[in-house]
Amino acid sequence: MSADPHCIFCKIVAGQIPSKKVHEDDELLAFHDIHPWAPVHILIIPKQHIVSMADVTDDHAGVLGRMMALSPRLMRDLGVTNGFRHVINTGRDGHQEVMHLHLHVMGGPRPWLKG
Ligand code: 5GP
Ligand code: ZN
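Residues numbered from 1 in each chain as written. Chains lettered and ligands numbered in written order. Predicted model: local features only at pLDDT ≥ 70, side-chain atom pairs only at ≥ 80, totals over all residues.

With an unreviewed UniProt entry as reference, the protein is termed Histidine triad nucleotide-binding protein, source organism Pseudaquabacterium pictum.

Encoded structure:
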């Protein structure tokens, strides 16, 4: 499986940088974001080094589908019951900071909302 030795998320996949994992299988890894924007904020990544959505082709449809399909189960397991949000940033102008494709999944209570 392709990896970039300088990539922080490839290092997380390889266990060279610690992470709070919530799921691992042959193809995917999911872990808590180190600087959460929501009470529950996880990142789902392909283990293979795909730089961004800009590099995705039809060949990646399976792995992308599995990233999306994994998210509701993980949110349920983490106690998120009232909805969640997906974000994928792509490229510098798309606010991407880590150049290894990742799906942000965020949920949890927003107590400042009324009703
Ligand atoms: P981006 O802006 O590229 O879409 O988001 C990158 C995300 O990765 C950020 O939310 C950031 O907090 C998270 N992140 C960066 N480095 C690490 C790390 O070493 N460990 C974890 N768990 N998250 C990281
Ligand atoms: Zn990588």
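**Considerations on the overall build of the protein**
What counts, and what does not: Numbering of helices and strands runs from the N terminus, with a helix taken as a DSSP run of H or I at least four residues long and a strand as a DSSP run of E at least two residues long. Both definitions apply: the radius of gyration is a C-alpha atom measure, and the globule rule equals 2.2 Å times residues to the power 0.38. Burial is judged by counting the other C-beta atoms within 10 Å of a residue's own C-beta: 20 or more makes it buried, 12 or fewer makes it exposed, and any count in between marks it as partly exposed, with every C-beta position built from the backbone.
Within the protein, the secondary structure is distributed over 2 helices and 5 strands. In terms of overall size, the protein behaves like a compact globule, its C-alpha atoms giving a radius of gyration of 14 Å where 115 residues would be expected to give roughly 13 Å. When its C-alpha atoms are laid out on the principal axes, the protein stretches across 45 × 30 × 25 Å. A buried classification covers 23% of the 115 residues belonging to the protein.

**Digging into the UniProt feature "active site" (unreviewed entry) in the protein**
How we decide: UniProt positions are given in the numbering used here, feature names are shortened, and annotations may be inferred rather than shown by experiment. Throughout, a pair of residues is in contact if the C-beta atoms placed from their backbones lie within 7 Å.
On the UniProt side, "active site" (unreviewed entry) is annotated at positions that read His 102 here. Its place among the elements puts His 102 in the loop between β4 (84–87) and β5 (103–107). Setting aside chain neighbours within four positions, we find His 102 in contact with Phe 9, Leu 43, Ile 44 and Ile 45.

**What to know about the confidence of the model for the protein**
Rules: Per-residue confidence from the prediction method is given by pLDDT, with values spanning 0 to 100.
When pLDDT is averaged across the protein, the result is 96; 99% of the residues are at 70 or more. What the predictor reports for the complex is a pTM of 0.97 with an ipTM of 0.99.

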